[in-house]
Amino acid sequence: MPIIAIDKHTGKLESQPEIVSRGFMSDNGSDLVAGARDIVLRTINTSNAEERADWSVIKEKIRVDLKRYISKQTSKRPLILPVILEV
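An account of the accompanying structure is given in this report. Think of each chain on its own: its residues are numbered from 1, step by step along the sequence as written. This being a predicted model, a pLDDT of at least 70 is required before a residue's local features are given, and a value of 80 or more before pairs of side-chain atoms are given or counted; all residues contribute to the totals for chains, interfaces and linings. Hydrogens and water are ignored here; the side-chain numbers use all heavy atoms of the structure.

Quick look at the sheet that holds strand 2 (residues 18-19)
Note: strands within a sheet are paired through backbone hydrogen bonds, in either parallel or antiparallel orientation. Rules: In this analysis, strands are considered paired if DSSP registers two or more bridges between them. Numbering of helices and strands runs from the N terminus, with a helix taken as a DSSP run of H or I at least four residues long and a strand as a DSSP run of E at least two residues long.
Within the open sheet, the three strands sit side by side as 2-1-3. Their pairing is mixed. For this open sheet the edge positions go to strand 2 and strand 3 (83-86), each flanked by a neighbour on one side alone. Two elements, strand 1 (residues 2-6) and strand 3, share four bridges in a ladder whose sense is parallel. Within strand 3, the residue paired with Ile3 across the bridge is Val83.

What follows is the structure, encoded as structure tokens:
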């Protein structure tokens, strides 16, 4: 579950995304979390202004990108629930 704090006026990240996982971590868990954090940051940074204005679009892009990344790394398909906190 990626938790992202975004300033509702500027659309910029307030802090690094927090990645919370339960029940599927393997030996390379810290590497996987660091990679997932990078994927979330890259997804947000490459989104255009129109996509950033609609939180549901950003959530879906994050979910799809993380699902692809985690599937490649672990061959598992976890449930991914992005949470965006407006600050």
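Having seen the structure, we can now continue with the description.
Some remarks on the packing of helix 1 (residues 29-46) against helix 3 (residues 55-74)
Quick reminder of the rule: Under this scheme, a helix contributes an axis fitted over its contacting stretch, all axes are lines through C-alpha atoms, and angles between N-to-C directions fall in the 0 to 180 degree range. Crossing handedness is read from the near helix: turned anticlockwise from the far helix by less than a right angle, it gives a left-handed crossing, and turned clockwise, a right-handed one. Note on definitions: a residue-residue contact is assigned when non-hydrogen atoms from the two residues lie within 4.5 Å. Classification convention: Asp, Glu, Lys, Arg as charged; Ala, Val, Leu, Ile, Met, Phe, Trp, Tyr, Cys, Pro as nonpolar; all other residues, Gly among them, as polar.
At a closest axis distance of 9 Å, the pairing of helix 1 and helix 3 adopts a crossing angle of 145°. Along this stretch, helix 1 crosses helix 3, giving a crossing that reads as right-handed. Here helix 1 contributes Asp31, Leu32, Gly35, Ala36, Ile39, Val40, Thr43 and Ile44 to the contact with helix 3, which in turn contributes Ile58, Lys61, Ile62, Asp65, Leu66, Tyr69, Gln73 and Thr74. Among the residues making up the contact of helix 1 with helix 3, the classes are represented as nine nonpolar, four polar and three charged.

Here's the deal with the nonpolar core
Quick reminder of the rule: In plain words, nonpolar cores are sets of buried Ala, Val, Leu, Ile, Met, Phe, Trp, Tyr and Cys residues tied together by side-chain atoms within 4.5 Å. When accessible area is computed with a 1.4 Å probe and restricted to protein chains, residues below 20% of their type maximum are described as buried, those above 50% as exposed, and intermediate ones as partly exposed.
In terms of nonpolar packing, the biggest core is built from 16 residues, with Ile4, Val40, Ile44, Ile62, Leu66 and Tyr69 touching the most fellow members. Elements represented by at least two residues in this core include exactly strand 1, helix 1 and helix 3. The element that contributes the greatest number of residues to this core is helix 1, accounting for six residues. Setting aside chain neighbours within four positions, we find Ile4 in contact with Leu13, Pro17, Val40, Ile44, Ile62, Val83, Ile84 and Leu85.

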